[in-house]
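Chain by chain, the residues:
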Amino acid sequence: MVFAPSPLLTVTIEARPDDASDIHVHAGGQGVWIAHLLAIMDVEARLCAPFGGETGAVLTTLVRRSGIVVRPVTVSGENGGYVHDRRAGRREVVATTSAPSLTRHELDELYNTALVEGLDAGVAVLGGPDNEEILPADTYRRLAADLRGGGARVVADLSGDCLLAALAGGVTVLKVSHDDLIRDGHAGSDEPEELRAVMTELARSGAEVVIVSRAEQPALVLVGDREVEIRTPRFTMLDHRGAGDSMTAGMAAALAHGADLDRALRLGAAAGALNTTRHGLATGERDLIERLATRVDVRPVNGGPRADARTDHER
């Protein structure tokens, strides 16, 4: 189950070699991007999200066409969206609009849908809202606690107040970027030692596993007393957007398939690394992600043996 409180309708304008333009219309937003890659990884992704108005009608169709199972909650407001122009080789914002806050009844319906679907699925991914006005942050505390209490594993990819709320409820895996930790005041710099201290506090606050992505630098992982780095091959970056969501989806897909944590970390890192070489956000091919995962190194920070880099199939 993927909890996505604010799906977005995305329009991107791309240049063509003949000086014309391509216009790409997709369903987007963090939860949608995660669910899309889960479907690519052969996981039945059930997207629990609100849809309303003209943008919501278009979004529902686009999401279903991508192979995602939609568990929609009908709302009175329009879904948000954006128009980006990439013809100059970088993203320029042409227009953007956010969805309004969910009403009490809409939030109740979304919460109940996500709770039951998450319990049935066994693995639940909590994505964040497009803006902090969509729903109360405390929703994440309640949902994480109720899902965990019912036996589901909870993977949270959050920041800000939503992150703190989810930790208060308890999560299996917390993935957060170093940029978000610095922006939210948890860390003063991207120095590994400082980030590790923050990770220890996050673990004490309610996360079994803490993962901090660091753009092109190795991701840091804390599992109990075990600290590891995730090293991937270095590629020429085309677009960093979507890499973190791809990493979360890859890890969640591995857990859904019954893989151990090291295998999940490798798949997540491989999915994120490949996504930086693509135009599409949270896109890729399962076979290529799995093959690249064999080249990902999960390396202990404080010494000790490296995890076995072979895939489950090779074993």
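Our subject is the structure that appears above.
Residues numbered from 1 in each chain as written. Predicted model: local features only at pLDDT ≥ 70, side-chain atom pairs only at ≥ 80, totals over all residues. Heavy atoms only, no water.

Provide a residue-level description of helix α4 (residues 138-149), including the pertinent values.
Compared with an ideal rise of 1.5 Å per residue, which puts twelve residues at 16 Å, α4 spans 17 Å between its outermost C-alpha atoms and is within 8% of the ideal. Of the residues making up α4, those classed as buried are Thr139, Tyr140, Leu143, Ala144 and Leu147. Burial along α4 is one-sided: seen end-on, the buried residues are contained in an arc of 120°. On its buried face, α4 sits against β1 (2-3), α3 (104-121), β8 (123-127), β9 (153-157), α5 (160-169) and β10 (171-177). (Helix = DSSP H or I, 4+ residues; strand = E, 2+ residues; numbered from the N terminus. Expected span 1.5 Å × (residues − 1). Buried < 20%, exposed > 50% of the residue type's maximum accessible area, 1.4 Å probe, protein only. Arc of directions from axis to C-beta. Contact = heavy atoms within 4.5 Å.)

Tell me about the side chain of His84, residues and numbers included.
You can see His84 is positioned in strand β6 (residues 80-85). Here Arg91 takes part through its side chain, which lies 3.3 Å from a polar atom of the side chain of His84. (Polar contact = N/O pair within 3.5 Å; in protein donor to acceptor, adjacent residues only side chain to side chain.)

Describe empty space enclosed by the protein, naming the residues involved and giving the relevant values.
Inspection of every chain in the model, using the stated rule, returns one cavity of 30 Å³ or more. Approximately 40 Å³ is the volume found for the largest cavity. Around the largest cavity sit Arg196, Met199, Thr200, Leu220, Val221, Leu222, Glu227, Val228 and Val301, which together line it. For the lining of the largest cavity, the elements supplying multiple residues, two or more each, are α7 (192-206), β12 (217-223) and β13 (226-231). (1 Å grid on protein atoms, 1.4 Å probe; cavity = no way out; pocket = protein on both sides within 12 Å on 5 of 7 lines; lining within 4 Å. Points joined across faces, edges and corners; volume = space filled by probe spheres on them.)

An account of a negative patch on the surface is requested, with residue identities and associated values reported.
A surface patch of like charges, here negative, comprises Asp179, Asp190, Glu191 and Glu194. Take Glu194: its relative accessible area is 30%, and that puts it in the partly exposed class. (Patch = residues over 30% accessible without salt bridge, like charges linked within 9 Å, V, L, I, M, F, W, Y side chains within 5 Å. Areas by Shrake-Rupley, 256 points an atom, 1.4 Å probe, with all protein chains shown as cover. Salt bridge = Lys/Arg side-chain N within 4 Å of Asp/Glu carboxyl O. Lys, Arg positive; Asp, Glu negative; His and termini not counted. Charge placed at Lys NZ, Arg CZ, Asp CG, Glu CD.)

Could you give an account of the pattern of salt bridges, naming the residues involved and the relevant values?
A full pass over the atoms with the stated rule returns 23 salt bridges. Put simply, Asp22 and Arg16 hold a salt bridge, and the shortest N to O gap is 3.5 Å. Asp22 sits in the partly exposed class, given a relative accessible area of 28%. Taking relative accessible area as the criterion, Arg16 reaches 33% and is therefore assigned partly exposed. The partner of Glu208 in a salt bridge is Arg148, with the nearest N and O atoms 2.9 Å apart. With Glu208 in strand β11 (residues 207-214) and Arg148 in helix α4, this residue pair connects regions lying 60 residues apart in the sequence. Classification of Glu208 by relative accessible area gives partly exposed; the value is 45%.

So, to be careful, I would describe these as geometric facts and stop short of saying anything about function.
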